2 protein chains.
Amino acid sequence: MFSNLKRLLIGRPLKSAELGEQKLTKTKALAILSSDALSSVAYGPEQILIVLITVGIAAFWYSIPIGIGVLVLLIALILSYRQIIYAYPHGGGAYVVSKENLGKIPGLVAGGSLLVDYILTVAVSVSAGTDAITSAFPSLHAYTVPIAVVFVVLITLLNLRGVTESASILAYPVYLFVLALFILIGAGLYKIATGGIPADMHAPVGTPVAGISLFLLLRAFASGSSALTGVEAISNAIPNFKEPAPRNAAKTLLAMGGLLAVLFSGIVYLAYYYGVTPKEEVTVVSQIAETTFGRNFLYFFIQGTTALILILAANTGYSAFPLLAVNLAKDRFIPRMFMVRGDRLGYSNGIIMLGVLSIVLIVAFKGKTEHLIPLYAVGVFIPFTLSQTGMILKWLREKPAGWAGKLAANALGALISLTVTVMFFLTKFAQVWPVLVFLPLILYLFHRINKHFVAVGEQLRLTTCEPPVPIEGNVIVLPVAGITHVVEHSVNYAKSLKADQIIAVYIPFEREEEAVFEEKWKRWMPDVRLVTLHSPYRSIIQPLMKFIDTVERKARENHYQVTVIIPQFIPKKGWHNFLHNQTSFVIRATLLYRKDVIVTTVPYHLKK
Amino acid sequence: MFSNLKRLLIGRPLKSAELGEQKLTKTKALAILSSDALSSVAYGPEQILIVLITVGIAAFWYSIPIGIGVLVLLIALILSYRQIIYAYPHGGGAYVVSKENLGKIPGLVAGGSLLVDYILTVAVSVSAGTDAITSAFPSLHAYTVPIAVVFVVLITLLNLRGVTESASILAYPVYLFVLALFILIGAGLYKIATGGIPADMHAPVGTPVAGISLFLLLRAFASGSSALTGVEAISNAIPNFKEPAPRNAAKTLLAMGGLLAVLFSGIVYLAYYYGVTPKEEVTVVSQIAETTFGRNFLYFFIQGTTALILILAANTGYSAFPLLAVNLAKDRFIPRMFMVRGDRLGYSNGIIMLGVLSIVLIVAFKGKTEHLIPLYAVGVFIPFTLSQTGMILKWLREKPAGWAGKLAANALGALISLTVTVMFFLTKFAQVWPVLVFLPLILYLFHRINKHFVAVGEQLRLTTCEPPVPIEGNVIVLPVAGITHVVEHSVNYAKSLKADQIIAVYIPFEREEEAVFEEKWKRWMPDVRLVTLHSPYRSIIQPLMKFIDTVERKARENHYQVTVIIPQFIPKKGWHNFLHNQTSFVIRATLLYRKDVIVTTVPYHLKK
């Protein structure tokens, strides 16, 4: 039944050989990997204005130079990631780049930040999208958390079905959103050109403003750079592209950068020219759209596609998280289950883990995005800084043709990213301090897991250890609870193994039972030795373990192997298990974890 | 650590032989088994007045004849249960009596009612006691549920320590309560005799009252009979008494009946003479105490011991529930785990189950007793009726010396009990209907569990089945995931068993792996046959199960037994298990539940 439900939800299993068919074309990749970055223009420009308004409306003209600064950062990031794509065609992004050029620890800092950040991507994007919906339909406001959870579940299912199918579904909304903003910006510029907007709505660029400071401007710049979250997604996902993957990925990255630059500049310019003031209940994009069109069909089209792309931005996390997890698992910093491909060839465990953790975040923060955004931005800019610093070292070391230009691009990117990161810690410490707690914790966990896997590998490898102890004979211990078919079957099996010694063990709680059972046993199975262990404290485990210790000590001297045969009857129906004292199960678990004996279970299947 | 905590809370384990020392003397038994019955006088008389006041204060004189009716019922019940004690010295009460004389179904109706009723005893008594405390200290009112839960946990721990120790702790409050009420009744009667109470506070007995009806009087009688809940406890607990158990139990029963009769009559009479009107916020006993003494030390002494005995009344449930559960488990109507004695020789599973379920009831009903009391009373009077009807049949069948007198007592008891039960259904249907839902449900559960145990017994018994299939040889299947120490150890073990055939199985996901591994294996272990099963859908379980089916079919033809040896490495620390894909565990579980093969686990203990 479970497998039918699974098939209905995520489709029939795919053969490993069908993997090639799931690769992405450029058009689909642009949709699937850039929704996070593109959707950021829905809130990025607004973040700049929110900081500037603390000084006054007159300061709004600073959004133009700040916007240009963000564009410079965007260009630097795009150029830098373009070089990363060619330098690391197997993907891995910040984690791989930092690890190879800066060393293990910086690599893990980048990897750990990104891992958490993808969870935040999902939580933030879905919450923000849900907020957009509940703002449009206020009666749904009480259900913010359940609605967001349903969206996460739906996106998780889409991703479990497989990456191409979800791309088909996701391509339309992303392109519709781009179309909607192009219409908005075009109509806005036309209106300005034809004098439809009064020219006195905004202070001219260069107007002196009292109270402005470099600190405030940097803070506004840091806030605005949250519009760039998501640009690293393509460089992580190169293996998902059709061949030639690096070339296709680089082209897609440039296309995304171009779109992002146009949309961001357009929104920043219109907001400045229209003199839009950020309000708590109406977004900047909504105000621009309303001023341009009034509340007609086009307004709702823009609002609707914005809400949709915010929710779908979560999908970027679903593309990037499992691939990063595979890289970390390959290096044995997280469990290997993240390397297993599911029925539909996606890395199901990573996808499910991401879905579950983002639901936890949404529920814990009650769907309130504003507390998560600063954490999210810091989590993005730490790996940005690390990977670009890594690229600087790479160029200095390798010095390929034209390395000076490449170095300049990466150095600029690294510098601006570092500034943004530092700005976040200086100006928003109250919101971003958890990074300083969780990042070391994650690093410690990576370290412990890695240590374990390395130790396991060493112990299992044949070449590095002493030769095995030979097995020169077998001793079988057979705990029995009575004289039944289950026991009969077990004794017959023990005999068939031609062991050197078979010892049946009976553990009575009362002295009187002892003699009675010994007598019965002698009549029934005279050729198998029976040992009775009276247990005054009514425990089966304790006397049995003590006895097995003794047997094992003696056996080891002769290089004999001890096997414990546990008879177990298997009820026909699952609920019947609740009716029996699971003694077999407890004995087996205790033996496996505590003793160096082999444990054999002889099942006896009940037929009714 | 867990075992240290356990020892601290419930004491050192006791040997089975120490059981005799835990038996009860009469004095302790009276305390431990009668707190439920005696505490009922704190609310029984009040229930009568609550019904009568619906007609008017003038009707209060009817509490005297109704009280006499309750006393008659009490005498009938005491005499009846005294006969039951001698007739059934091994205990079991209503369940055993009904089962033996009326048949299986009535027995199970009685048993099921009582089982649920003991849970209600705990929930009702503790909630009522907590209410008494929170009435005295209104600031605690918001914490009613947590306080009640803490009390249940404490009583559960006391009972897990063992029955005698809890009796020592419980004896004082019960006797203090009896002493307190004796002082109250004595002082009240003295005050009446010396003219301290005006004689015109009450209408004389026989005053005609408008609006009185037989229905109302029967309802008042039914309500008042809730003061008799708990009188059956002694007859269920005979095995807990010191020898001669039946004689001691009968004497204890008479003592309890006498005390209950005196206290009940005293409270009813004083309430009538003082003209006490039932109020929502002050209990009848509290009003009597205040009128007699004013709010001095004696008043608080009476209130305090009343609160205490109500909470301790829950203990009756803890004495009776596990013993009834043992009787039901012996007859295989509930799981056998209820027959297991814990470290301190109490039936721990029954005690814990009772604690947990009553906490569930308290939390579900938010500690409000008033909704539970009618259910509780019905649950008591159904088995009362059944067991006394059973006794009637017994006397008619056996006709021992003096049977006519015994018959009369039981017939009277059965008739009054039946009337009370019917009255509850007629007059309080809105509160007692759940009995009609849950009782059939419990009976169905008893039936299904019994059917299962009977079937298991038949299948395991050696005499009733065909002779076992002989094992003429062994085939060993050994799934391997690589060439490691774990696999080496498993292969060596398989060889040591001198099986007729050993087949190693490797399941690659990619075609390329197949040849590589076969080559490696041939070089490493040329004398063990390797089968590779390419799994295009990346499942280990499916191809393995299919292969084992094939092997098993062939083996069965030759009377060969198939054993699957599963290598498993056991990490040093528990949390390491989360890091590995628990494939061994899944293979083992699937094999045990689905296939008729023997499953052997070869543990390989990692040292770091």
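Procedures and definitions
- Residues numbered from 1 in each chain as written.
- Chains lettered and ligands numbered in written order.
- Predicted model: local features only at pLDDT ≥ 70, side-chain atom pairs only at ≥ 80, totals over all residues.
- Heavy atoms only, no water.
- Helix = DSSP H or I, 4+ residues; strand = E, 2+ residues; numbered from the N terminus.
- Rg over C-alpha atoms; globule rule 2.2 N^0.38 Å.
- Buried < 20%, exposed > 50% of the residue type's maximum accessible area, 1.4 Å probe, protein only.
- Contact = heavy atoms within 4.5 Å.
- Areas by Shrake-Rupley, 256 points an atom, 1.4 Å probe, with all protein chains shown as cover.
- Lys, Arg positive; Asp, Glu negative; His and termini not counted.
- Charge placed at Lys NZ, Arg CZ, Asp CG, Glu CD.
- Salt bridge = Lys/Arg side-chain N within 4 Å of Asp/Glu carboxyl O.
- Phe/Tyr/Trp six-rings, centres within 6.5 Å; stacked < 30°, edge-to-face > 60°.
- Lys NZ or Arg CZ within 6 Å of the ring centre and 35° of its normal.
- Pairing = 2+ DSSP bridges.
- Axes fitted to C-alpha atoms, helices over the stretch in contact; angles between N-to-C directions.
- Expected span 1.5 Å × (residues − 1).
- Right-handed = clockwise from strand over helix to strand, strands pointing away.
- 1 Å grid on protein atoms, 1.4 Å probe; cavity = no way out; pocket = protein on both sides within 12 Å on 5 of 7 lines; lining within 4 Å.
- Points joined across faces, edges and corners; volume = space filled by probe spheres on them.
- Polar contact = N/O pair within 3.5 Å; in protein donor to acceptor, adjacent residues only side chain to side chain.
- Core = buried A, V, L, I, M, F, W, Y, C linked by side-chain atoms within 4.5 Å.
- Domains from an automatic or database assignment.
- Parallel < 35°, antiparallel > 145°, perpendicular 65-115°, else oblique.
- Left-handed = near helix turned anticlockwise from the far one by under 90°.
- Nonpolar A, V, L, I, M, F, W, Y, C, P; charged D, E, K, R; others polar.

Engineer: It is not clear to me how the overall build of chain A should be interpreted in this structure. Could you clarify?
Structural biologist: Summing up its helical and strand segments, chain A has 22 helices and 5 strands in all. Relative to the globule expectation of 25 Å for 608 residues, the C-alpha radius of gyration of chain A, 33 Å, shows a markedly less compact shape. Dimensions along the principal axes, computed over C-alpha positions, put chain A at roughly 110 × 60 × 50 Å. Every one of the 608 residues in chain A was classed for burial, and the buried ones make up 56%. Of the contacts made within chain A by residues no fewer than 6 positions apart, 81% connect residues no fewer than 24 positions apart. Working note: accessible area of chain A is about 25900 Å², and carbon and sulfur atoms make up 65% of it. Computing the positive centroid from 52 side-chain charges and the negative centroid from 34, chain A places the two 5 Å apart.

Engineer: So what exactly am I meant to see when it comes to the pattern of salt bridges here?
Structural biologist: If the charged atoms of two oppositely charged side chains come close together, the side chains can form a pair. Residues and elements named next belong to chain A. Scanning all chains against the criterion turns up 11 salt bridges over all chains. In this structure, Lys99 engages Asp331 in a salt bridge whose closest nitrogen and oxygen atoms are separated by 2.4 Å. Taken together, the positions of Lys99 in helix α5 (residues 93-102) and Asp331 in the loop between α13 (297-330) and α14 (348-364) put the pair 232 residues apart, joining distant regions of the chain. Note on Lys99: relative accessible area 24%, which makes it partly exposed. Taking relative accessible area as the criterion, Asp331 reaches 27% and is therefore assigned partly exposed.

Engineer: Help me out: how do you make sense of the packing of aromatic side chains in this one?
Structural biologist: Each aromatic ring pair is summarised here by two numbers: the centre-to-centre distance and the angle between the ring planes. Residues and elements named next belong to chain A. Throughout the structure, instances matching the rule amount to 20 aromatic pairs over all chains. Where Trp61 meets Tyr62, the ring centres are 3.9 Å apart and the plane angle is 25°; that geometry is what we call stacked. Among the aromatic residues, ring-to-ring pairing joins Tyr506, Phe517, Trp521 and Trp524 into one connected group. Just above the ring of Trp395 sits the side chain of Lys406; from NZ or CZ to the centre is 5.3 Å.

Engineer: Help me understand unusual backbone geometry, please; the structure alone is not making it clear to me.
Structural biologist: For residues besides glycine, phi is generally negative; the peptide bonds are generally trans as well. Across the junction of Glu243 of chain A and Pro244 of chain A, the peptide omega takes the value -5°, indicating a cis bond. Tracing the sequence through the fold places Pro244 of chain A in the loop between α10 (233-236) and α11 (245-274). One non-glycine residue with positive phi stands out, namely Lys498 of chain B, at about 55°. Turning to its location among the elements, Lys498 of chain B is positioned in the loop between α19 (485-496) and β2 (501-506). When its relative accessible area of 52% is taken as the criterion, Lys498 of chain B is described as exposed.

Engineer: Would you mind going over the sheet that holds strand β3 (residues 529-532) of chain A with me for this structure?
Structural biologist: As a general point, the strands of a sheet are linked pairwise by backbone hydrogen bonds and lie either parallel or antiparallel. Spatial strand order, β3(A)-β2(A)-β1(A)-β4(A)-β5(A)-β5(B)-β4(B)-β1(B)-β2(B)-β3(B): 10 strands in an open sheet with mixed pairing. A single partner strand is all that each edge strand has here, and the edge strands are β3 of chain A together with β3 (529-532) of chain B. Going from strand to strand, the sheet's axes swing by 25° on average, the running direction of each strand aside. Pairing geometry for strand β5 (residues 598-605) of chain A and strand β5 (residues 598-605) of chain B, over 3 bridges, is antiparallel. Within the sheet, the bridge partner assigned to Thr600 of chain A lies in β5 of chain B and is Thr600 of chain B. Each of β4 (560-570) and β5 of chain A together with β4 (560-570) and β5 of chain B touches helix α22 (residues 583-594) of chain A; the most contacted strand, β4 of chain A, lies at about 155° to it.

Engineer: Honestly, helix α22 (residues 583-594) of chain B in this entry has me stumped. Any pointers?
Structural biologist: Each turn of an α-helix holds 3.6 residues, which means side chains three or four residues apart point in the same direction. For α22 of chain B, spanning 12 residues, the distance from its first C-alpha to its last is 16 Å, which sits close to the expected 16 Å at 1.5 Å a residue. Of the residues making up α22 of chain B, those classed as buried are Ser584, Ile587, Arg588, Thr590, Leu591 and Leu592 of chain B. Turning to α22 of chain B, the residues buried within the fold contact β4, α22 and β5 of chain A together with α21 (541-557), β4 and β5 of chain B.

Engineer: Whenever I open this one, the pairing of strand β1 (residues 473-480) of chain A confuses me. Can you help?
Structural biologist: Residue and element names in this part refer to chain A. Across the 8 residues that make up β1, a large majority, 8, are buried. Covered by surrounding structure in β1 are Gly473, Val475, Val477 and Pro479 together with Asn474, Ile476, Leu478 and Val480, the residues of both alternating faces. Pairing of β1 with strand β2 (residues 501-506) involves 6 bridges; the strand directions are parallel. What sits directly across from Leu478, in β2, is Ala504. Of the crossover connections in this fold, the one passing from β1 over helix α19 (residues 485-496) to the parallel β2 is right-handed.

Engineer: I keep staring at empty space enclosed by the protein and nothing clicks. Help me out?
Structural biologist: Residues and elements named next belong to chain A. Scanning the model with the defined rule gives 4 cavities of 30 Å³ or more in all. One number sums up the size of the largest cavity: a volume of about 40 Å³. Taken together, Pro45, Ile48, Leu49, Ser63, Val268, Ala271 and Tyr272 form the lining of the largest cavity. For the lining of the largest cavity, the secondary structure elements donating two or more residues are α3 (44-52) and α11.

Engineer: Mind showing me how you'd approach the environment of Phe293 of chain A here?
Structural biologist: All names here are of chain A. Summarising the element assignment, Phe293 is placed in helix α12 (residues 284-293). You can call Phe293 buried: its relative accessible area is 19%. Excluding residues that lie within four positions of it along the chain, Phe293 makes contacts with Ile183, Leu184, Ala187, Leu298 and Ile302.

Engineer: Before we go on, may I ask you to explain the side chain of Thr532 of chain A in this structure?
Structural biologist: Residues and elements named next belong to chain A. In this structure, Thr532 sits in strand β3. Here the side chain of Thr532 touches Glu514 through a polar contact of 3.3 Å, side chain to side chain. Looking at Thr532, its side chain comes within polar contact range of the side chain of Glu518, at 2.6 Å. Thr532 has contacts with Tyr506, Pro508, Glu514 and Glu518, leaving out every residue within four places of it along the chain.

Engineer: Please clarify how the nonpolar core should be interpreted in this entry.
Structural biologist: Across soluble globular proteins, nonpolar side chains show a tendency to be buried alongside one another. Core analysis: the biggest nonpolar cluster contains 144 residues, and Leu38, Leu52, Ile66, Leu184, Ile288 and Leu328 of chain A have the highest contact counts within it. Those residues in contact with Leu184 of chain A that lie beyond four places of it in its chain are Ile267, Leu270, Val285, Ile288, Ala289, Thr292, Phe293 and Ile302 of chain A. In this structure, Leu217, Leu270, Ile288 and Leu439 of chain B belong to the second largest nonpolar core, which totals 142 residues.

Engineer: Got a minute to help me understand the domain arrangement of chain A in this structure?
Structural biologist: Interfaces are often described in size by the accessible area the parts lose on coming together. Each assigned domain of chain A is listed here: domain 1 (21-453) and domain 2 (473-605). Taking the mean C-alpha position of each, domain 1 of chain A and domain 2 of chain A sit 62 Å from one another.

Engineer: Teacher, can you tell me more about helix α5 (residues 93-102) of chain B here?
Structural biologist: Residue and element names in this part refer to chain B. Across the 10 residues that make up α5, a large majority, 7, are buried. Residues of α5 that are buried: Gly93, Ala94, Tyr95, Val96, Val97, Ser98 and Asn101. Immediately beyond the C-terminal end of α5, within one or two residues, lies Gly103, with a positive phi of roughly 115°.

Engineer: Explain the packing of helix α4 (residues 63-87) of chain B against helix α15 (residues 373-398) of chain B to me, please; I cannot follow it from the model alone.
Structural biologist: In helix packing, the relevant descriptors are the interaxial angle and the interaxial distance, both defined with respect to the helix axes. Residue and element names in this part refer to chain B. Here α4 crosses α15 at 60°, and the two axes come no closer than 11 Å. By the angle class used here, α4 and α15 are oblique. α15 is crossed by α4, and the crossing has left-handed handedness. The segment α4 lies against α15, with Leu73, Ala76, Leu77, Ser80, Tyr81, Gln83, Ile84 and Ala87 engaging Phe381, Phe384, Ser387, Gln388, Met391, Lys394 and Trp395. Split by residue class, the contact of α4 with α15 holds 10 nonpolar, 4 polar and 1 charged.

Engineer: Just checking my understanding: could you explain the pairing of β2 of chain A for this structure?
Structural biologist: Along any regular strand, the residues point their side chains to alternate faces of the sheet. All names here are of chain A. With 5 of 6 residues buried, β2 lies mostly within the body of the structure. Sheet analysis places β2 next to β3, joined by 4 bridges and oriented parallel. Each bridged residue has a counterpart across the sheet, and for Ile503 the counterpart in β3 is Arg529. Each parallel crossover has a hand, and for β2 linked through helix α20 (residues 511-524) to β3 it is right-handed.

Engineer: What's the story with the packing of α5 of chain A against helix α15 (residues 373-398) of chain A in this structure? I'm lost.
Structural biologist: Residue and element names in this part refer to chain A. Direction vectors running N to C along α5 and α15 enclose 45°, while the axes themselves pass 8 Å from each other. On the basis of their axis angle, the class for α5 and α15 is oblique. Both α5 and α15 take part in a crossing whose hand is left-handed. Packed against α5, whose contacting residues are Ala94, Val97, Ser98, Asn101 and Leu102, the element α15 presents Pro383, Leu386, Ser387, Thr389, Gly390, Met391, Leu393, Lys394 and Arg397 at the interface. When the residues that make up the contact of α5 with α15 are grouped by side-chain class, the tally is 7 nonpolar, 5 polar and 2 charged.

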